[in-house]
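Below are the chains, spelled out letter by letter.
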Amino acid sequence: MPAAHCSDMTLRSPPIEHETKATDFGGWEMPVEFDSIRAEHEAVRERVGKFDVSHMGQITVSGSDAQRLMQRLTTNDVTALDPGEAQYAGITDEDGILLDDTVVYHLPESEGEYLFIPNAGHDEQMLDRWNRYREEWGLDATVTNRTTEYGMIAVQGPDAPNLLGDQTDVSLNKLGNFEVRTGMVAGADCLIARTGYTGEKGFEVLCPWDTTQQVWDALDCQPCGLGARDTLRLEMGFLLSGEEFHPEENPRNPYEAGIGFVVKLDTEFVGRDALEGVEAEGPEEKLVGIILRDRGIPRSGYTITSPDGEELGTMTSGTMSPTLGEPIGLAYLPVEYVGDKHPVRVVIRDEPKKAHTRTTPFLS
Amino acid sequence: MSFDVPPDCRYQESHEWARQENGTVRLGITDFAQDELGDVVFVEVPGQGESIEQGEEFGVIESIKAVSDLYAPISGTIVSTNEELIDVPELVNEDPYGDGWMLEVEPADESELDALLSPEEYENQIA
């Protein structure tokens, strides 16, 4: 049986007090589950749940060259964003390898001020990266790490508009996908974005750090931990930084990772030239969905082989899908395995188990 | 949080229980263990007629979030396995000492049970 995770003085604590099991995630002590992963997962799919995602980074970029700096360090087209709009993007190195994935916000009621959300534990690294390039390119921009100035709460599920709507003056039904507004939530001055990581309708609320607890308490719904966050994103085939890509342990470009749609080769950014080559030739491997047919659970690190035992790749994530009741996962495989129903084997404790490929999202 | 530790079982430090029934011994994992694991989704144990050895791995249990080995609290030959767990593994969460049992064993040596923790000792371990 696993030992209980113990706390560590060096871990960063979120602004909300949680009385439940916590784990080290990106240097933050974050709750894994409140009730059960299944119950939390089902609440989000059928009703609504709230997640403390204060471990996510927040970096703001302002100044006359803010847009140019953002454009040149992220793969998507930042110039397409009006104030109050957001986009998903990759952050790549010179070789086109993903360092992180992020959401870039053009802040509402601002002229060219941006906020982006690096993954847990990446905020310092991204701050340094932004400042290094700003200096190298001689741009006028101020880059500020606000990770401990903002708490962040995700409210996700079909009832999220009603639940959050009762606590805010913002007309949520006018807030489109990937749009962001400022507004009051439970008495706190917040940013509300129609974004999420679950595949459900939902919002992410950025609150001033000291108000995060009051916003959390006002949202009367199922609290959810990192466990359900992972099963929910896996059913959608969404990437987890550090698992589906990691610059040292699993270097992948956006085309391999299946997020070529956020690479805008007609813009100028670090990694563009390398990615142009990848796009022209096509990647040799791609991230594909796996469904296990035999009994068992596919998990990160397990080997995938062909039916006759030829090694093809490695699982990056896997779980029992609470919604489908089927064991699912993600793996990088040669591109000829992209699509549905290609038979493969997942090697679980030295036993090859029958599986096949599946186009993601797993949930239709 | 307090966990159920029935007085009619003996316990292994690795959180398996064993209970004498009419000449055989039933075993499974404890209430504490099922709570640590969370939602159990898969249990893999050897079949009838195979033997297990005290302190050795005999199977695997998986929850949504983790994989754990199972260690035999007693040596013996398996006389039956809990077929229900194939389709309803969550019985381990719902009733770890009852419907969530895993194996029934013909013990090689019942005195092996004396080497296990008493309910009081196990309660102290998880306290």
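Here the structure is a predicted model, which is why all the values come from computation and not from measurement.

Draft legend 1. Structural view of the overall build of chain B. Within chain B, the regular secondary structure consists of 4 helices and 9 strands. The C-alpha radius of gyration of chain B comes to 13 Å, within 12% of the 14 Å expected for a compact globule of 127 residues. Once the C-alpha set of chain B is aligned to its principal axes, its extents read approximately 35 × 30 × 25 Å. The buried share of chain B, reckoned over its 127 residues, is 43%. Within chain B, contacts between residues at least 6 apart in sequence are counted, and of these 63% link residues at least 24 apart.

Draft legend 2. Spatial organisation of the overall build of chain A. Helices and strands together make up the secondary structure of chain A, namely 7 helices and 19 strands. In terms of C-alpha radius of gyration, chain A reaches 20 Å, essentially the compact-globule figure of 21 Å for 364 residues. For chain A, the C-alpha atoms occupy an extent of roughly 60 × 50 × 40 Å along the three principal directions. A total of 364 residues make up chain A; the buried ones form 51% of that total. For chain A, the proportion of contacts with a sequence separation of at least 24, taken over those separated by at least 6, is 66%.

Draft legend 3. Focus on the sheet that holds strand 1 (residues 10-11) of chain B. Residues and elements named next belong to chain B. In space, the 6 strands of this open sheet follow the order 1-2-3-9-8-5, with antiparallel pairing throughout. Whereas interior strands pair on both sides, the edge strands pair on one side only; in this sheet they are strand 1 and strand 5 (51-52). Sheet topology places strand 2 (residues 16-20) next to strand 3 (residues 25-29); 5 bridges connect them, and they run antiparallel. Considered in strand 3, the bridge of tryptophan 17 is made with glycine 28.

Draft legend 4. Region of interest: the sheet that holds strand 7 (residues 114-116) of chain A. Residue and element names in this part refer to chain A. In space, the 5 strands of this open sheet follow the order 5-6-7-4-8, with antiparallel pairing throughout. A single partner strand is all that each edge strand has here, and the edge strands are strand 5 (86-92) and strand 8 (142-145). Direction aside, the axes of adjacent strands within the sheet are offset by 25 degrees on average. In this structure, strand 6 (residues 98-106) lies alongside strand 7, joined through 3 bridges in antiparallel fashion. Across the sheet, valine 104 pairs through a bridge with phenylalanine 116, a residue of strand 7. Packed on one face of the sheet, helix 2 (residues 66-73) meets strand 4 (59-62), strand 5, strand 6 and strand 7 and runs near 130 degrees to strand 4.

Draft legend 5. Region of interest: the domain arrangement of chain A. Structurally, chain A comprises domain 1 (22-56 + 149-236), domain 2 (59-145) and domain 3 (284-358). Centre-to-centre separation of domain 2 of chain A and domain 3 of chain A, based on C-alpha positions: 35 Å.

Draft legend 6. Structural context of the pairing of strand 5 of chain A. With respect to burial, strand 5 of chain A is a largely interior element, 6 of its 7 residues being buried. In sequence, strand 5 of chain A turns back onto strand 6 of chain A through a hairpin of 5 residues, with glycine 96 of chain A there showing a positive phi of about 80 degrees.

Draft legend 7. Representation of the pairing of strand 6 of chain A in the model. Residue and element names in this part refer to chain A. Of all 9 residues in strand 6, 9 are buried, a share of seventy percent or more. Of the strand pairs in this sheet, strand 5 and strand 6 are connected by 7 bridges, and their pairing is antiparallel. Note that in strand 6 the partner of glycine 90 across the bridge is aspartate 101.

Draft legend 8. The interface of chain B and chain A, seen in detail. Contact with chain B, which involves 16 residues of that partner, is made by 17 residues of chain A. Taken together, the elements giving at least two residues each to the side of chain B that touches chain A come down to helix 1 (31-37), strand 4 (40-44), strand 6 (57-63) and strand 7 (67-71) of chain B. Here the side of chain B that touches chain A gets 3 residues from one element, more than from any other, and that element is helix 1 of chain B. Among the residues making up the side of chain B that touches chain A, the classes are represented as 8 nonpolar, 4 polar and 4 charged.

Draft legend 9. Region of the structure containing the confidence of the model for chain A. Looking at chain A, the pLDDT average stands at 96 and 98% of residues meet or exceed 70. Counting interchain partners and residues more than four positions distant, the pLDDT-below-50 stretch residues 1-8 of chain A has 17 contacts.

Draft legend 10. Structural detail: the packing of helix 2 of chain A against helix 3 (residues 123-137) of chain A. Residues and elements named next belong to chain A. Interaxial distance between helix 2 and helix 3 falls to 11 Å at its minimum, and their mutual angle equals 115 degrees. In terms of their interaxial angle, helix 2 and helix 3 are classed as roughly perpendicular. Between helix 2 and helix 3 lies a crossing of right-handed hand. Residue-level inspection shows Leu69, Arg72 and Leu73 of helix 2 in contact with helix 3, the latter providing Arg129, Trp130, Tyr133 and Arg134.

Draft legend 11. Representation of the environment of isoleucine 29 of chain B in the model. Residue and element names in this part refer to chain B. Positionally, isoleucine 29 belongs in strand 3. Once the C-alpha coordinates of isoleucine 29 and tryptophan 17 are considered, the two residues, 12 residues apart in sequence, prove to be 5.7 Å apart. Setting aside chain neighbours within four positions, we find isoleucine 29 in contact with His15, Glu16, Gln34, Ile61, Val92 and Pro96.

Draft legend 12. Looking closely at the environment of threonine 10 of chain A. Tracing the backbone through its elements, the reader meets threonine 10 of chain A in the segment before strand 1 (22-25). C-alpha of threonine 10 of chain A to C-alpha of glutamate 29 of chain A: the two residues are 19 residues apart in sequence and 9.4 Å apart in space.

Draft legend 13. Summary view of helix 6 (residues 226-236) of chain A. All names here are of chain A. Counting buried residues along helix 6, 9 of its 11 residues qualify, which places the element largely inside the surrounding structure. Within helix 6 the residues assigned to the buried category are Leu226, Gly227, Ala228, Arg229, Asp230, Thr231, Leu232, Leu234 and Glu235. Backbone geometry just after helix 6 places glycine 237 at a positive phi near 75 degrees.

Draft legend 14. Structural view of the nonpolar core. Among the nonpolar cores identified, the biggest contains 126 residues, and Tyr105, Ile153, Val155, Val205 and Ile290 of chain A are the most heavily contacted of them. Those residues in contact with valine 205 of chain A that lie beyond four places of it in its chain are Met152, Ile153, Val155, Val185, Cys190, Ile192 and Val215 of chain A.

Draft legend 15. Focus on helix 1 (residues 37-46) of chain A. All names here are of chain A. Buried residues dominate helix 1, accounting for 7 of its 10 residues. Within the sequence span of helix 1, burial applies to Ile37, Arg38, Glu40, His41, Ala43, Val44 and Arg45. The inward-facing, buried residues of helix 1 contact strand 3 (49-52), strand 9 (150-156), strand 13 (222-224) and helix 6.

Draft legend 16. Spotlight on the packing of helix 1 of chain A against helix 6 of chain A. All names here are of chain A. Where helix 1 meets helix 6, the axes come as close as 9 Å, and the angle between the chain directions of the two elements is 55 degrees. Between helix 1 and helix 6, the angle falls in the class oblique. Here helix 1 runs over helix 6; the crossing is right-handed. When helix 1 is examined against helix 6, the residues Ile37, Glu40, His41 and Val44 are found in contact with a partner set consisting of Gly227, Ala228, Thr231 and Leu232.

What counts as what
- Residues numbered from 1 in each chain as written.
- Chains lettered and ligands numbered in written order.
- Predicted model: local features only at pLDDT ≥ 70, side-chain atom pairs only at ≥ 80, totals over all residues.
- Helix = DSSP H or I, 4+ residues; strand = E, 2+ residues; numbered from the N terminus.
- Rg over C-alpha atoms; globule rule 2.2 N^0.38 Å.
- Buried ≥ 20, exposed ≤ 12 C-beta atoms within 10 Å, placed from the backbone.
- Contact = placed C-beta atoms within 7 Å.
- Pairing = 2+ DSSP bridges.
- Axes fitted to C-alpha atoms, helices over the stretch in contact; angles between N-to-C directions.
- Domains from an automatic or database assignment.
- Nonpolar A, V, L, I, M, F, W, Y, C, P; charged D, E, K, R; others polar.
- pLDDT = per-residue confidence, 0-100.
- Parallel < 35°, antiparallel > 145°, perpendicular 65-115°, else oblique.
- Left-handed = near helix turned anticlockwise from the far one by under 90°.
- Core = buried A, V, L, I, M, F, W, Y, C linked by C-beta atoms within 7 Å.

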